[in-house]
Amino acid sequence: MEQQKRTTTVSPLKTKFFEGDNNVSERTYRLQINTTLRTICVVGTQLKIALNSCAPVQSKFYSVKCTPNVQCQILSSVQAGNSLLSPQPLSKDTVLLVSMGAASLHPNDSKLSVRFYGNNSENLGSALLHLTAVEISLDVDADRDGVVERNNPNKASWKWGPNGHGAILLVNCDCESSYFKKVDTENEEVSKVSDLKDMSKMILRTSGPSELPEGYNLSLHISQTDAERVRIFRARTSKQAESSLKNMLLGLFQKEYPLVLSKKQLANAVPYQGGKSELVFYVEGLNFPDKDFDGLLTINLSLLEPVGKGFPETPIFTDKVMFRVAPWIMTPNTLRPLEVFVCSTRDNYEFLKGIKQLVQKSGLKLKICHEYMNRGDRWMQDELEFGYIDSPHHSFPVVLDSPRDGDLGEFPYDVLLGPDFGYVTRDALRKEVSSLDSFGNLEVSPPVTVNGKHYPLGRIIIGVAFPTTEDGRNMTKVVQDFLWAQKVQEPIALYSDWLVVGHVDEFMSFVPAPDRKGFRLLLASPNAAYKVFRALRHKGHGNAKMFPGTEEEVSVDDILSDKNFQVENSYVQSCIDWNRDVLKKELALDDEDIIDLPVLFKVIHENNRAVAFYPDMVNMIVLGNNLGIPKPFGPQVGGKCALETEMRSLLEPLGLNCNFIDDFAAYHKLLGEVHCGSNVRREPFPFKWWNIEL
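Just so we're clear, the structure is a prediction, and the values are computed from it rather than from any experiment. (Residues numbered from 1 in each chain as written. Predicted model: local features only at pLDDT ≥ 70, side-chain atom pairs only at ≥ 80, totals over all residues. Heavy atoms only, no water.)

A. Quick peek at the overall build of the chain. Per the secondary structure count, the chain includes 14 helices and 42 strands. For the chain, the C-alpha radius of gyration of 35 Å lies well beyond 26 Å, the compact-globule estimate for 694 residues. With the C-alpha coordinates aligned to their principal axes, the bounding extent of the chain is approximately 125 × 65 × 45 Å. Every one of the 694 residues in the chain was classed for burial, and the buried ones make up 56%. Long-range contacts, defined here as pairs at least 24 residues apart, represent 74% of the contacts in the chain between residues at least 6 apart. Here the chain has roughly 30700 Å² of accessible surface; of this, 49% comes from carbon and sulfur atoms. (Helix = DSSP H or I, 4+ residues; strand = E, 2+ residues; numbered from the N terminus. Rg over C-alpha atoms; globule rule 2.2 N^0.38 Å. Buried < 20%, exposed > 50% of the residue type's maximum accessible area, 1.4 Å probe, protein only. Contact = heavy atoms within 4.5 Å. Areas by Shrake-Rupley, 256 points an atom, 1.4 Å probe, with all protein chains shown as cover.)

Set out below in structure tokens:
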């Protein structure tokens, strides 16, 4: 009776197998008449056996017997009886589906027998199959909770969003050593156990007899393309751990975490440990998403079956998992600052004094790059951009090194790279690199929603040449490609080539705000500056001087009477207004979300590009509610700078504190300001990038 319960015939019109079950993996298998075969059946899969293909020519009927651990079902257009033990009519499309519900205790411990009959129940022969059932599952953290769950149905695919799925892989771009540095991706060995936390765990779970039948093996493999972008290490097996003391006594060195797969090794056998066991792997990302890499990687595990002497093994079962490499993410001014970085040079004492006071007031750490390292290159903002990478199990900051390659060029690698502090750069041909490749020309907005599309990590902002400019400067293509490929902070291109230096931070910035969208966009505005100067003249302060006591000293009346200067600033305002309209559209901003700051520019007529006339107050450092603003040295009225007064009236109602820093000689005269000469590492977003709806 037990045998009959397990070998029922199912009507083809009612069985789910006839309609197809996407959750069950099928494998074509062929029996041989009067021959005993052996194979492995992986639990959760089916062997699909076309009975007519192995039946003797005269066969009209068949019967099936199997041991209790084997389940059999029939697909056939011919109506059959209730028990496969008695002869059933054989047709051309009769298919036997064989599956096993639990792992075997011993090799070949289950059996299946198919007997064929002619007319009058004539016995024409039988086919015998010995079966071994094993459970095999290659597992990853597909539900993104930091735990590698068993056999997640979505482990071989990726889906964005809070209801999405798919495992995440970090690029192992930090360095476990603080000395003799080398990015970990350049090291083909696990140098320290601490390095493992930068990798994603992958577990091979198996259950079955103590050993696989002779000739069967497990193989881990990847494509040649993916092998350029990932490495896989394996933890020692329990047997290796037991023998490690013996090996040490013998003076043999055994790697704790042997390299299994790399660009030099696309496939490798992995041990089957027997019983119910787990084999842990560590997956290491080597490359960030880029123009030629969407960030997706697939890893395969196959069960290989021997075919015959002299022939290669063939796969009879493959399990797959997919990873997406975590993107590099920038941090906007509205996130909490952690550390401030500046350079010390022989001529920037006043600037450093102001920065130190501001940082101390903000309760932050100040990191100073001294002259022996910076060699006079003071432009900390231009050399690097701070960001981070994130996964459910680990995250760490990553610095993007600019291709500008100035005298400060070794600072990101030599000083910042270290344990849990990553490094990435994009190399460009020297002839392709321009001032627009400095990272004062790379900013990111706070989070926004545009036409119903959410950008919870903000949008990257870069400066390029105006579309109709034939000989304009642009950020080099390799950097732009890298930024676009990260996907989670879709870039916006602004027109910045109208400036001599050409950086977006010369005319825009973001500050936190307690209302509306949680921030304000600050734009430099010659029109706002002329409004301030006209109001001063109207109040009888036309003789008030800018830059008092210096050779640059000039009065309000002198500025307002210079017609050529007005024309130049009208041109500058038109360039900024172009960008204003782009930003309003791309960030869904209203005019109430924008504050115009009073800044005048002058045009250098050799190339018709502009520079700030006085210290560019939009080029500020933002440390929470404390702002470090270039001191403008504006017209003095009642012992106060009129431009500083105007700035306070615009920003202090938002709860912001205006702190003016003297950068005139050491930075402004060299065509830069406070923001150009500083950099800030900030907290990561609390929002997880994989929850973005794309």
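B. Expanded view of the packing of aromatic side chains. With the rule as written, the count across this model stands at 23 aromatic pairs. Aromatic side chains Trp379 and Tyr667 sit 5.4 Å apart centroid to centroid with 85° between the ring planes, which places their arrangement in the edge-to-face category. Highlighted residues: Trp379 in the loop between helix H7 (371–374) and helix H8 (380–383) and Tyr667 in the loop between strand E41 (657–661) and strand E42 (678–682), separated in sequence by 288 residues. Residues Trp689 and Trp690 carry aromatic rings whose centres are separated by 5.5 Å and whose planes lie at 80° to one another, so their mutual orientation is edge-to-face. Through successive ring pairs, a cluster of aromatic residues spans Phe547, Phe565, Phe613, Tyr614, Phe633 and Phe664. In this structure, Arg144 packs its charged tip against the face of Trp158, placed 4.2 Å from the ring centre. (Phe/Tyr/Trp six-rings, centres within 6.5 Å; stacked < 30°, edge-to-face > 60°. Lys NZ or Arg CZ within 6 Å of the ring centre and 35° of its normal.)

C. Just the environment of Leu266, in detail. Within the secondary structure, Leu266 sits in the loop between strand E14 (259–261) and strand E15 (267–270). Along the primary structure Leu266 and Glu228 are separated by 38 residues, whereas in three dimensions their C-alpha atoms are 9.8 Å apart. Excluding anything up to four places from it in sequence, Leu266 contacts Leu220, His221, Ile222, Ser223, Gln224, Ala227 and Leu261.

D. Structural context of the nonpolar core. Grouped together as the largest cluster of nonpolar side chains are 87 residues, with contacts concentrated most on Met202, Leu220, Ile299, Leu483 and Trp689. Broken down by element, the residue count for this core peaks at six residues, all from strand E18 (residues 314–325). Ignoring any residue separated from it by four or fewer positions in sequence, one finds Ile299 in contact with Leu138, Met202, Leu220, His221, Ile222, Ile232, Val283, Asp319, Lys320, Val321 and Phe323. By size, the runner-up hydrophobic cluster in this structure holds 67 residues, among which are Leu494, Leu587, Met620 and Ala642. (Core = buried A, V, L, I, M, F, W, Y, C linked by side-chain atoms within 4.5 Å.)

E. Structural view of the sheet that holds strand E3 (residues 45–50). What the four strands build is an open sheet, ordered E1-E3-E7-E5; its pairing is mixed. Of all strands in the sheet, those with a lone pairing partner are strand E1 (25–28) and strand E5 (70–75), marking the two edges. Taken pair by pair, the neighbouring strands of this sheet meet at an average axis angle of 30°, ignoring direction. Across four bridges, the pairing between E3 and strand E7 (residues 95–100) is antiparallel. Note that in E7 the partner of Ala50 across the bridge is Val95. (Pairing = 2+ DSSP bridges. Axes fitted to C-alpha atoms, helices over the stretch in contact; angles between N-to-C directions.)

F. Spatial organisation of the confidence of the model for the chain. Taken as a whole, the chain shows an average pLDDT of 92; of its residues, 94% reach a score of 70 or greater. With pLDDT under 50 throughout, residues 1–21 is counted as low confidence; its partners more than four residues away or in other chains account for 37 contacts. Considering only residues more than four positions removed or in separate chains, one finds that residues 241–254, a stretch of pLDDT under 50, has six contacts. (pLDDT = per-residue confidence, 0-100.)

G. Spatial organisation of unusual backbone geometry. One non-glycine residue, Ala588, lies in positive phi territory at about 55°. With respect to the helices, strands and loops of the structure, Ala588 is situated in the loop between helix H13 (563–587) and strand E34 (594–598). Judged by its relative accessible area of 25%, Ala588 is partly exposed. One non-glycine residue with positive phi stands out, namely Leu671, at about 70°. Take Leu671: it is sitting in the loop between E41 and E42.

H. Structural context of the sheet that holds E34. With respect to topology, three strands assemble into an open sheet ordered E30-E31-E34, the strand pairing being mixed. At either end of the open sheet lies a strand with only one pairing partner, and these are strand E30 (508–512) and E34. Here the strands of the sheet are splayed against their neighbours by 30° on average, with no regard to which way each runs. Direction of pairing for E30 relative to strand E31 (residues 519–525): antiparallel, over a ladder of five bridges. Following the sheet pairing, Val511 is matched in E31 by Arg520. On the sheet, H13 packs against E30, E31 and E34 and is oriented at approximately 165° with respect to E31. Of the strands in this sheet, E31 and E34 touch helix H14 (residues 642–651), which is tilted by about 170° from E34.

I. Spotlight on the environment of Gly472. Inspection of the secondary structure assignment puts Gly472 in the loop between strand E28 (460–464) and helix H10 (477–485). Note on Gly472: relative accessible area 23%, which makes it partly exposed. Through-space distance from the C-alpha of Gly472 to that of Ser496 is 9.9 Å; in sequence the pair is 24 residues apart. Leaving out residues up to four positions away in the same chain, Gly472 has contacts with Ala465 and Asp497.

J. Inspection of the side chain of Asn626 at higher detail. Among the secondary structure elements, Asn626 is positioned in strand E38 (residues 626–630). Engagement of the side chain of Asn626 in a polar contact is seen with the side chain of Ser362, the distance being 3.0 Å. If we skip the residues at most four places from it in the chain, Asn626 touches Leu358, Lys361, Ser362, Ile621, Asn657 and Asn659. (Polar contact = N/O pair within 3.5 Å; in protein donor to acceptor, adjacent residues only side chain to side chain.)

K. Expanded view of the environment of Ser137. Along the chain, the position of Ser137 falls in strand E9 (residues 123–139). When the C-alpha atoms of Ser137 and Val42 are compared, they prove to be 9.7 Å apart, with 95 residues separating the residues in sequence. Residues within four places of Ser137 in sequence aside, it is in contact with Asn151, Lys155, Ile203, Leu204, Arg205 and Asp319. Reaching out from Ser137, the side chain makes a polar contact with the side chain of Asn151 at a distance of 3.4 Å. Polar side-chain contacts of Ser137 include one of 3.4 Å to the side chain of Lys155.

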